[in-house]
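# Structural overview for review
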Amino acid sequence: MAFWWPLLVLAFAFVICKFLLMLVPSNVPSINVDASDVLGNGNQTDENSYIYIPSRRQTDIVKCYEPATMKYLGHFPALKPDEVKERVAQARKAQKIWAKSSFKQRRQFLRILLKYIIEHQDLICEISSRDTGKTMVDASLGEILTTCEKITWLLSEGERWLKPEYRSCGRSMLHKTAKVEFYPLGVIGAIVSWNYPFHNIFNPMLAAVFSGNSIVIKVSENASWSGCFYMRIIQTALAAVGAPENLVEVITGFAETGEALVSAVDKIIFVGSPGVGRMIMRKASDTLIPVTLELGGKDAFIVCEDVDVPHVAQVAARAALQSSGQNCAGAERFYVHKDVYSSFVAEVVKIVKSVAVGPPLAGKYDMGAICMQEHSEKLQNLVNDAVHKGAEVVGRGSVGNIGEDAVDQYFPPTVIVNVNHSMNLMQEEAFGPVLPIMKFNSDEEAVKLANDSKYGLGCAVFSGSQHRAKQIASQLHCGVAAVNDFASTYMCQSLPFGGVKDSGFGRFAGIEGLRACCLVKSVVEDRWWPFIKTKIPKPIQRRMVLSFKFTWWKLFMA
């Protein structure tokens, strides 16, 4: 891939962050976060120095490795149920204090975070890269820009959407006022995935804390090393504004830890797979707490015949290959009109063949590693199943000379054609850098194919006619849609994010996500109290009294 493209993206991110820094008032203090223990040997240029350690899952500790090199990073405790309950109890005490905090104090917390993030974005991105295998470009886009956008939206609009909202009182209640008030729920629980460790922690935390809650976040066992460092940033910023200790907690562990968290909190937010999402729903039903589930997707990417093919091919490659395809909102099914099918495939193959895969911090690769061990084997099985059923691999990227033992941690970007919906690759979430491209003949067929999925998170529709693209997007059964773009909906943090069907339900981000952290209370009061107030008319009072006496007499005689 052209060397200038990553540099251009990083330069753009740098300019945006500098602009955001200008918006931070000069009186916002800087915080110092100890990073000495995470600034060890992150060098990935010496390709003969990698340490390969087989995965050993233990119930008492979580071991952490760099996916790109399998170097050992450290270990963290796998908390037992009693320990989780104690953390939640401490967070509950802190929340009772924080619920009384002012929006001014909460905004100061956000400004301190924003300042730190912008000034230390290289450190944040490098830690994310080491823990998940993504490139610095992918970390900058998916971790820094999205998080900064969320903070700036909360700073500008958060208080507005948490203030009482007045509603119509109806014609029979003209002497009343009707409003909706928003109160903290208490302790929010979040179980988050590994693919964007920084943003996946900050996303639920920012909404929960700004709305007056405390939050306990269980980070993935595949990204605990970075998650525990990011927690230091939050704790230091909270201390700087005088927030109570234990308001935000990050916990580590396996399934037992997450199960205990669901049982102890007042709401649970989960980002992960449909199978685990169903288990969380069953556990949450014991205490009848609200649940928000984001369970991945199989997003459709539709290309009409009237597009600029080279331009859309570039977008398609980014949509499929960002973070090595490990992106819940990534494009996983490509439907291309028959008239531009051949030219589109040729353009995408040309791009993909230029992509070099290897250790992201080595400074010479376009795409990084697969985070989870053995996931590349699953990806290859999906490709093999498609080929066995008639598909054809027409292009692959190259994997660097990284050592025989490390090959399982990398998967070359792959373009595959002649696919159909009988293939597992077109039905299951791949979560990897695979581009299956299928031909369609009409808009109606494209809509039918796109909707033929058990998932319903997002979509992207491209056409030279914006009206046509919007018409197609409006017919797709999913939670978010981008017209002539990819994933732009997530950068608009005023918008809710979530899906339907096996992609889950509920929303985070935007007004809906912020208010989902609240107890929503309906309130009616007299408009002109005490001059006009509700009175029971005497004829009705008498009937009520007679009715009461008659009922009492029947009960007595019985």
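In the nomenclature of an unreviewed UniProt entry, the protein chain corresponds to Aldehyde dehydrogenase 22A1 isoform X2 from the organism Coffea arabica. Database annotation for the protein chain, UniProt heading Sequence similarities (unreviewed entry): "Belongs to the aldehyde dehydrogenase family."

### What about the packing of helix α5 (residues 136-162) against helix α6 (residues 197-210)?
At a minimum axis separation of 10 Å, α5 and α6 run at an interaxial angle of 10 degrees. What the angle tells us is that α5 and α6 run roughly parallel. Listed contacts from α6 to Gly142, Glu143, Thr146, Thr147, Lys150, Ile151, Leu154, Gly158, Glu159 and Leu162 of α5 are Pro197, Phe198, His199, Phe202, Asn203, Leu206, Ala207 and Phe210. Split by residue class, the contact of α5 with α6 holds 9 nonpolar, 6 polar and 3 charged.

### A closer look at the sheet that holds strand β19 (residues 480-483)
The 7 strands lie next to each other as β13-β15-β16-β11-β10-β18-β19, forming an open sheet whose pairing is mixed. If you trace the sheet from one side to the other, it starts and ends with β13 (392-396) and β19, each paired once. Taking the axes of each pair of neighbouring strands and ignoring which way they run, one obtains an average angle of 20 degrees across the sheet. Examined bridge by bridge, β13 and strand β15 (residues 414-417) share 4 bridges and lie antiparallel to one another. Each residue of the ladder has a partner; that of arginine 396, found in β15, is threonine 414. Where helix α11 (residues 341-353) meets the sheet, its contacts fall on β10 (299-303), β11 (331-337), β13, β15 and β16 (434-440), and the angle it forms with β13 comes to roughly 45 degrees.

### Section: the nonpolar core
Among the nonpolar cores identified, the biggest contains 80 residues, and Phe109, Phe202, Met205, Phe229 and Ile233 are the most heavily contacted of them. The element contributing the most residues to this core is α6, with 9 residues. If you count residues domain by domain, this core takes at least three from each of domain 1 (59-296 + 498-557) and domain 2 (299-454 + 458-492). Contacts of phenylalanine 109, omitting those with residues within four sequence positions, involve Met205, Val209, Ile234, Ala237, Leu238 and Val241. Ranked by size, the runner-up nonpolar core spans 36 residues in total, among them Phe301, Val309, Ala320 and Val340.

### Focus: the confidence of the model for the protein chain
Here the protein chain shows a mean pLDDT of 91. Residues at 70 or above account for 87%. In the predicted structure, residues 45-49 sits below a pLDDT of 50 and forms 7 contacts with residues beyond four places in sequence or in another chain.

### Side note on the environment of methionine 438
One can find methionine 438 in strand β16. Considered as a pair, methionine 438 and lysine 338 are 100 residues apart in the sequence and their alpha carbons are 9.0 Å apart. Leave out the neighbours within four places in its chain, and methionine 438 touches Phe334, Tyr335, Val336, Tyr341, Val419, Asn420, His421, Met426 and Leu449.

What counts, and at which threshold
- Residues numbered from 1 in each chain as written.
- Predicted model: local features only at pLDDT ≥ 70, side-chain atom pairs only at ≥ 80, totals over all residues.
- Heavy atoms only, no water.
- UniProt positions renumbered as here; feature names shortened; annotations may be inferred.
- Axes fitted to C-alpha atoms, helices over the stretch in contact; angles between N-to-C directions.
- Helix = DSSP H or I, 4+ residues; strand = E, 2+ residues; numbered from the N terminus.
- Parallel < 35°, antiparallel > 145°, perpendicular 65-115°, else oblique.
- Contact = heavy atoms within 4.5 Å.
- Nonpolar A, V, L, I, M, F, W, Y, C, P; charged D, E, K, R; others polar.
- Pairing = 2+ DSSP bridges.
- Core = buried A, V, L, I, M, F, W, Y, C linked by side-chain atoms within 4.5 Å.
- Buried < 20%, exposed > 50% of the residue type's maximum accessible area, 1.4 Å probe, protein only.
- Domains from an automatic or database assignment.
- pLDDT = per-residue confidence, 0-100.

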